[in-house]
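Take a look at the letters that make up each chain.
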Amino acid sequence: MSLGLALSGGGAKGAAHIGVLQALKEENINFDYVSGTSSGSIIATLYACGYNPYNILHMFNMYCRQIADYDKLLPFKVFGTMFTGKINIKGLAKGDKLENIIRNFCMSKNIVDISDFKINIAIPTVDLNTGEVIYYLNKRVDENNDTYRKFDDIPSYKYSGNIASIVRASCSFPAVFEPKKIDGKVLIDGGVRVNTPVSILRKMGAEKTLAVTFSKKDLCNTYSSNIVTISLRSFDIMGHQVNESEIQNSDFVLDLSTDDISLLDGSKTNMLANIGYSTAKSKMKEIKKALNI
């Protein structure tokens, strides 16, 4: 029985996926296919590289707060809009540090291109100009028999590309990180369209799938009044809405409640990992039943 694991995007909350992986590892549950969006793409990539949950947690604790390389010229750009009337701000952070961190860890496992992975992996991004979903994956799928349609379009599939650049693109949260250009396309966070990529796992060949996502209840716990957190909250609400059809395709949905932890709060990595671990442990019998294990 081939198994697929889909990891939802959720900013800093993605650290909770690490605890889920540890709980699954203790039960000797391994996956043939893995996918992830935004922060989920980081965990999926490191997992596919062969890093264990302990290694990944250590990485998050070391580098999570360094990822946001805020644009030092941002104050001058804001000031300049007062005189030119033109807004030339693409995001608060560039994303270069994230890309470099992913590149270094992948190269340590001799992985540069997404085609280098031995485990089947898929990472969605979105073309900012067309709204098209672009999946980067290392296993070819039947593109001529694509019944996956959303908003009257069909996604594109790419079977090669620098993995660090792809992860950065999938993490390019609007207004927070600048979009990433790959092959002439301007790419943003895959969560705009596919926050928990389950359908692609089915299309690649997974017979049973487990989706790890974040609870809708979290949306009711906080209210924020600055421009960044308002944008994040709006995106979170939208992500839950567009996510419904994806998670319905999963055999089991592990819903993680992360209370009022902000999408950008990199100080609670261990707490989030513990939430993921305890939640997965409490649902392990149900997970095994759903996956026929």
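Above this text is the structure in question.
Bear in mind that the values here come from a model prediction, so they are computed numbers and not experimental data.

What counts, and at which threshold
Residues numbered from 1 in each chain as written. Predicted model: local features only at pLDDT ≥ 70, side-chain atom pairs only at ≥ 80, totals over all residues. Heavy atoms only, no water. Core = buried A, V, L, I, M, F, W, Y, C linked by side-chain atoms within 4.5 Å. Buried < 20%, exposed > 50% of the residue type's maximum accessible area, 1.4 Å probe, protein only. Helix = DSSP H or I, 4+ residues; strand = E, 2+ residues; numbered from the N terminus. Contact = heavy atoms within 4.5 Å. Axes fitted to C-alpha atoms, helices over the stretch in contact; angles between N-to-C directions. Parallel < 35°, antiparallel > 145°, perpendicular 65-115°, else oblique. Left-handed = near helix turned anticlockwise from the far one by under 90°. Nonpolar A, V, L, I, M, F, W, Y, C, P; charged D, E, K, R; others polar. Phe/Tyr/Trp six-rings, centres within 6.5 Å; stacked < 30°, edge-to-face > 60°.

Our focus in this paragraph is the nonpolar core. Among the nonpolar cores identified, the biggest contains 58 residues, and Leu 210 and Leu 254 are the most heavily contacted of them. If one sorts the elements of this core by residue count, helix H2 (residues 39-49) sits on top with seven residues. Every residue in contact with Leu 210, bar those within four places of it in the chain, is listed here: Gly 4, Leu 5, Ala 6, Leu 24, Phe 31, Ser 250, Phe 252, Leu 254, Ile 287 and Leu 291. Formed by 16 residues, the second largest nonpolar core is a distinct cluster that contains Tyr 33, Met 204, Ala 206 and Ala 211.

As a further point, take the packing of helix H5 (residues 96-107) against helix H6 (residues 163-170). Running from amino to carboxyl end, H5 crosses H6 at an angle of 140 degrees, the nearest separation of the two axes being 8 Å. The angle between the axes of H5 and H6 places the two elements in the oblique class. Helix-helix and strand crossings are classified by hand; for H5 and H6 the assignment is right-handed. Each of Asp 96, Leu 98, Glu 99, Ile 102, Arg 103 and Cys 106 in H5 lies in contact with H6, whose residues at this interface are Ile 163, Ala 164, Ser 165, Val 167 and Arg 168. Residues of the contact of H5 with H6, tallied by class, amount to six nonpolar, one polar and four charged.

Under the counting rule described, the total for this entry stands at two aromatic pairs. Centre to centre, the rings of Tyr 51 and Phe 105 are 6.0 Å apart; their planes meet at 85 degrees, and the pair counts as edge-to-face. With Tyr 51 in the loop between H2 and helix H3 (53-63) and Phe 105 in helix H5, this pair connects stretches of sequence that are 54 residues apart. By the burial criterion, Tyr 51 is buried, and Phe 105 matches it. The interplanar angle of 10 degrees and the centroid separation of 5.9 Å between the aromatic rings of Tyr 135 and Tyr 157 together place this pair among those described as stacked. Separated by 22 residues along the polypeptide, Tyr 135 in strand E5 (residues 133-137) and Tyr 157 in strand E6 (residues 156-158) bring together distant segments of the chain.

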